[in-house]
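Secondary and tertiary structure notes
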Amino acid sequence: MSANNPFARLPEAASFTVTSTTITDGAAWSPEQFSGISGVSGGKDVSPQLSWSGAPDATKSYAVTVYDPDAPTGSGFWHWAVADIPGTVTQLPEGVGDDTGSGLPEGAYQLPNDARAARFIGAAPPAGHGPHRYFIVVHALDVESIGVPADATPAVLGFTMAGHILGRAVLTATAETPV
């Protein structure tokens, strides 16, 4: 696992709370959050349940991202990105990141991840590569719509959000595939 901090060069933001019935901060993903798409035995690509509270009062929308900075790519790996979650919403149910995204709040949409699928794709660290960290982040934004196209990358979403982030709530999950 590298010391790569994905927030090191981002603007400071207020902290608020995100919790989950699916994952405990710092703990390993369950088999459901591993990638079946990538061929991990038992993986089901089920997005985690998330609930958040304490976001800044001026929040008008949220975005949710899941990012692995330890992927052996030089740029990490984006597993999930959801934009334009209304500011009145404070949770996402488990499994909402499926192929249809039909359980997302009205107006919210999934962007293609680094596998180019507009859905949640679970953990799939290479065998023997060591533990990977997965940053599950709820971003509180000062705009109702971030204005990125549905086919944009999560990196474009992040770049566009940088000047609109009021707060950031973070959970970290881990995963490792033994040799």
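Further up the page is the structure itself.
Residues numbered from 1 in each chain as written. Predicted model: local features only at pLDDT ≥ 70, side-chain atom pairs only at ≥ 80, totals over all residues. Heavy atoms only, no water.

Quick word on unusual backbone geometry
A positive phi is found at D45, a non-glycine position, where the angle reads about 55°. With respect to the helices, strands and loops of the structure, D45 is situated in the loop between β2 (17-19) and β3 (50-53). A relative accessible area of 5% means that D45 is categorised as buried. One non-glycine residue, R116, lies in the positive phi region at around 65°. Mapped onto the fold, R116 is located in the loop between β7 (109-110) and β8 (132-141). (Helix = DSSP H or I, 4+ residues; strand = E, 2+ residues; numbered from the N terminus. Buried < 20%, exposed > 50% of the residue type's maximum accessible area, 1.4 Å probe, protein only.)

Examining the sheet that holds strand β6 (residues 91-92)
The strands that make up a sheet are held in pairs by hydrogen bonds between backbone atoms, and each pair lies either parallel or antiparallel. If you walk across this open sheet you meet the three strands as β2-β3-β6, and the pairing is antiparallel. Only two strands of the sheet have a single neighbouring strand rather than two, namely β2 and β6. Of the strand pairs in this sheet, β2 and β3 are connected by three bridges, and their pairing is antiparallel. Residue T19 lies in a different strand from β3, and its bridge partner there is S51. (Pairing = 2+ DSSP bridges.)

Some details on the packing of aromatic side chains
Applying the stated criterion across every chain, the model contains seven aromatic pairs. Here a set of aromatic residues connected by ring pairs shows up, and it is made of W29, W80, F120 and Y134. (Phe/Tyr/Trp six-rings, centres within 6.5 Å; stacked < 30°, edge-to-face > 60°.)

Some thoughts on the sheet that holds strand β4 (residues 61-68)
Spatially, β1-β9-β8-β4-β5-β7 is the arrangement adopted by the six strands of the open sheet, whose pairing is mixed. Every other strand in the sheet has two partners, leaving β1 (14-15) and β7 as the edge strands with one partner each. As defined by bridge partners, β4 adjoins β8 across seven bridges and the pair is classed as antiparallel. The residue of β8 that forms the bridge with S61 is L141.

Some remarks on the side chain of S47
Considering the arrangement of structural elements, one finds S47 in the loop between β2 and β3. One polar contact links the side chain of S47 to the main-chain amide nitrogen of G97, over a distance of 2.8 Å. Those residues in contact with S47 that sit more than four places away from it in its chain are Q33, W80, P93, E94, G95, V96, G97 and F120. (Polar contact = N/O pair within 3.5 Å; in protein donor to acceptor, adjacent residues only side chain to side chain. Contact = heavy atoms within 4.5 Å.)

Regarding the pairing of β4
Extensive coverage of β4 is indicated by the burial of eight of its eight residues. Sheet topology places β4 next to strand β5 (residues 77-86); seven bridges connect them, and they run antiparallel. Bridge pairing in β5 places Y67 opposite W78.

Comments concerning the pattern of salt bridges
In the structure shown here, the tally under the stated rule is two salt bridges. Between R133 and D70 there is a salt bridge, with the nearest N and O atoms lying 2.9 Å from each other. Of this pair, R133 sits in strand β8 while D70 sits in the loop between β4 and β5, placing them 63 residues apart in sequence. Like D70, R133 is buried. Put simply, R119 and D99 hold a salt bridge, and the shortest N to O gap is 2.8 Å. Taken together, the positions of R119 in the loop between β7 and β8 and D99 in the loop between β6 and β7 put the pair 20 residues apart, joining distant regions of the chain. With a relative accessible area of 9%, R119 lands in the buried category. (Salt bridge = Lys/Arg side-chain N within 4 Å of Asp/Glu carboxyl O.)

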